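Reading the structure
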Amino acid sequence: MYTLKDTATHTQEIKKSRFLAICGPVGNADEARDFIARHSDPTATHNCWAFRIGQTYRFNDDGEPSGTAGKPILQAIDGQSLDHVAALVVRWFGGTLLGSGGLIRAYGGTAAVCLRAAEKTEVIATVSGTVGCAFSDLSLIKARLAGMGVTITGETFTGTGANLCLQIPKHACEAVAAAILDLSRGRAALVLED
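Notes on the structure follow. (Residues numbered from 1 in each chain as written. Predicted model: local features only at pLDDT ≥ 70, side-chain atom pairs only at ≥ 80, totals over all residues. Heavy atoms only, no water.)

Things to note about the overall build of the protein
Scanning the protein from N- to C-terminus turns up 5 helices and 11 strands. Computed over C-alpha atoms, the radius of gyration of the protein comes to 22 Å, more than 25% over the 16 Å expected from 2.2 N^0.38 for 194 residues, which places it beyond the range of a compact globule. Dimensions along the principal axes, computed over C-alpha positions, put the protein at roughly 75 × 25 × 25 Å. When burial is assessed residue by residue, the protein has 42% of its 194 residues classed as buried. Partitioning the intrachain contacts of the protein with sequence separation of at least 6 by distance along the chain shows that 65% fall at a separation of at least 24. Only carbon and sulfur atoms are counted for the fraction: they give 51% of the accessible area of the protein, which is about 10100 Å². (Helix = DSSP H or I, 4+ residues; strand = E, 2+ residues; numbered from the N terminus. Rg over C-alpha atoms; globule rule 2.2 N^0.38 Å. Buried < 20%, exposed > 50% of the residue type's maximum accessible area, 1.4 Å probe, protein only. Contact = heavy atoms within 4.5 Å. Areas by Shrake-Rupley, 256 points an atom, 1.4 Å probe, with all protein chains shown as cover.)

Some remarks on the nonpolar core
Grouped together as the largest cluster of nonpolar side chains are 25 residues, with contacts concentrated most on Leu4, Ile73, Ile77, Val89, Tyr107 and Leu115. With 7 residues, helix α3 (residues 99-117) is the largest single contributor of residues to this core. With near-sequence residues (within four places) excluded, Tyr107 lies in contact with Phe19, His46, Cys48, Glu64, Thr68, Ala69, Ile73, Val89 and Arg91. If you look at the next biggest cluster of nonpolar residues, it comprises 18 residues, including Val127, Leu138, Ala162 and Ile168. (Core = buried A, V, L, I, M, F, W, Y, C linked by side-chain atoms within 4.5 Å.)

Some details on the environment of Ile124
Take Ile124: it is sitting in the loop between β7 (120-122) and β8 (126-134). In the structure, Ile124 is positioned 57 residues away from Gly67 in sequence and 32 Å away in space, judged by C-alpha atoms. Apart from the residues lying within four places of it in its own chain, the contact partners of Ile124 are Pro169 and His171.

Side note on the sheet that holds strand β9 (residues 151-157)
Spatial ordering of the open sheet is given by β9-β10-β8-β11, a layout of 4 strands whose pairing is antiparallel. Looking at which strands have only one partner, the edges of the open sheet turn out to be β9 and β11 (190-192). Between one strand axis and the next, the sheet turns through 25° on average, direction left out of account. Here β8 runs beside β11; their pairing, made up of 3 bridges, is antiparallel. Note on β11: the bridge partner recorded for Thr130 is Val191. On the sheet, helix α4 (residues 135-147) packs against β8, β9 and β10 (161-169) and is oriented at approximately 155° with respect to β8. Against the sheet, helix α5 (residues 173-183) contacts β8, β10 and β11, and its axis sits at roughly 150° relative to β11. (Pairing = 2+ DSSP bridges. Axes fitted to C-alpha atoms, helices over the stretch in contact; angles between N-to-C directions.)

Digging into the sheet that holds strand β5 (residues 56-60)
The antiparallel open sheet is built from 5 strands, whose spatial order is β2-β3-β6-β4-β5. On the outer flanks of this sheet lie β2 (8-14) and β5, each paired with one strand and no other. Strand after strand, the sheet turns through a mean of 15° between neighbouring axes, direction not considered. Pairing geometry for strand β4 (residues 46-53) and strand β6 (residues 85-92), over 7 bridges, is antiparallel. Looking across to β6, one finds that Ala50 is bridged to Ala87. Together, β4, β5 and β6 form the strand contacts of helix α2 (residues 70-79), whose direction differs from that of β4 by roughly 40°. Taken strand by strand, α3 contacts β2, β3 (17-25), β4 and β6, and its axis lies near 45° from that of β3.

Below, the structure is given as structure tokens:
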């Protein structure tokens, strides 16, 4: 699965109606709703949208005939194996009716072109964990973790060292735990959250 690196846009005109797609990465459903609210245009005729976050997805036709806008946008997201993505397609009506098939092609197509052009990054399943280590081991452990694809999401200092909050690629948990034990000579251990 992939997600977008940053927000992307694409504009096209179809039979005098202007369509603007705005697509971006989101972490959860609340972020997706915020993204849609932030980029919706109240002067537009329709603000149709969809988002996918794992097994959670939503879409909205915003006044277009049922199934002609939101669902095709979601299909554009799914068709490119994207996750943690919100897509909004804004339409300014140009006076010519497109019909159901035309709307499906216009909304889904505008979203698909925008998503195809956007820079993507692979979604890697991660596990949260913590490790407490002494000051003498801290810099070495941090350097090794960075080289293993681990993200340090928090760091709190104690009287003798630091506690690190980590996001670890799921496939690397055992290797990370072994590296921490080895680097600290058994003084520090990885604790994974359930």
